[in-house]
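Summary of structural features
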Amino acid sequence: MMQYKGYTGRVEFDDEADIFHGEVIGLRDVITFQGRTVEEVKKAFRDSVDDYLHFCAKRGEEPEKPFTGKLMLRIPPELHRKAYVAAKQSGASLNAWIAETLTHSTEHVY
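Please read these numbers as outputs of a predicted model, since none were measured by experiment.

So, on to a nonpolar patch on the surface. Taken together, the side chains of L71, L73, I75, L79 and L102 present a nonpolar region at the surface, about 470 Å² in accessible area. L71 gets classed as exposed once you look at its relative accessible area, which sits at 64%.

Laid out in C-alpha cells, this is it:
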C-alpha cells in the first residue's frame, strides 16, 4: 500500500505484461496508475492523485475524500446492546469503545 495526500494506492504485479498496475482504494471514483518499476509506479500514483485533484478543481467539484471518519453501521439489536454494556463496563462511551476495539482489531493492517 502507498499513501499520498490522504489517499491509499494498492498495487499488483502483472507477470504476463511485466508491469505494476494499481488503483486508489476507498473511493467511488476510479483512479488508476501503472509503471514498469517501483519508482515509476510510485510516481504514477502521485501523479494520478494530483491529476484527480486538479480535474476536480477545474470542474469546481469537491474531490471525494477517502474517509470522513463517520461510519454508519447496522448491527443486530442484541449486538448493539452487548457493545453498549461492554462500553459502559469499561467506562467509555460507545463511540470510544468501538474506536478502541477497531483500533486493536486492525493493528496488523498496513
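There is more to say after this.
A few words on the environment of A86. Among the structural elements, A86 can be located in helix 2 (residues 77-90). Sequence spacing of A86 and W97 is 11 residues, and the spatial spacing of their C-alpha atoms is 8.0 Å.

Taking 1.5 Å of rise per residue, the 22 residues of helix 1 (residues 38-59) would be expected to cover 32 Å, and the 32 Å separating its terminal C-alpha atoms lies within 8% of that figure. Those residues of helix 1 lying buried are V41, A44, F45, S48, V49, Y52 and C56. Relative to the axis of helix 1, the buried residues are bounded by an arc of 135° and lie together on one face. Every exposed residue of helix 1 that faces more than 90 degrees away from the buried side is listed here: E39, D51, H54, A57 and K58.

The full count for this structure, using the stated rule, is four aromatic pairs. For the pair Y4 and F45, a centre-to-centre distance of 6.3 Å together with 65° between the ring planes defines the contact as edge-to-face. Residue Y4 is found in strand 1 (residues 2-4), and its partner F45 is found in helix 1; the two are separated by 41 residues along the sequence. A residue is classified by how much of its surface remains accessible, and F45, at 2% relative accessible area, is buried. Plain terms: the ring middles of Y7 and Y52 are 6.3 Å apart, the flat faces sit at 80° to each other, and that makes the pair edge-to-face. Taken together, the residues span a long stretch of sequence, with Y7 in strand 2 (residues 7-14) and Y52 in helix 1 at a distance of 45 residues. Judged by relative accessible area, Y7 falls into the buried class, the value being 2%.

Conventions adopted
Residues numbered from 1 in each chain as written. Predicted model: local features only at pLDDT ≥ 70, side-chain atom pairs only at ≥ 80, totals over all residues. Heavy atoms only, no water. Patch = residues over 30% accessible without salt bridge, like charges linked within 9 Å, V, L, I, M, F, W, Y side chains within 5 Å. Areas by Shrake-Rupley, 256 points an atom, 1.4 Å probe, with all protein chains shown as cover. Salt bridge = Lys/Arg side-chain N within 4 Å of Asp/Glu carboxyl O. Buried < 20%, exposed > 50% of the residue type's maximum accessible area, 1.4 Å probe, protein only. Helix = DSSP H or I, 4+ residues; strand = E, 2+ residues; numbered from the N terminus. Expected span 1.5 Å × (residues − 1). Arc of directions from axis to C-beta. Phe/Tyr/Trp six-rings, centres within 6.5 Å; stacked < 30°, edge-to-face > 60°.

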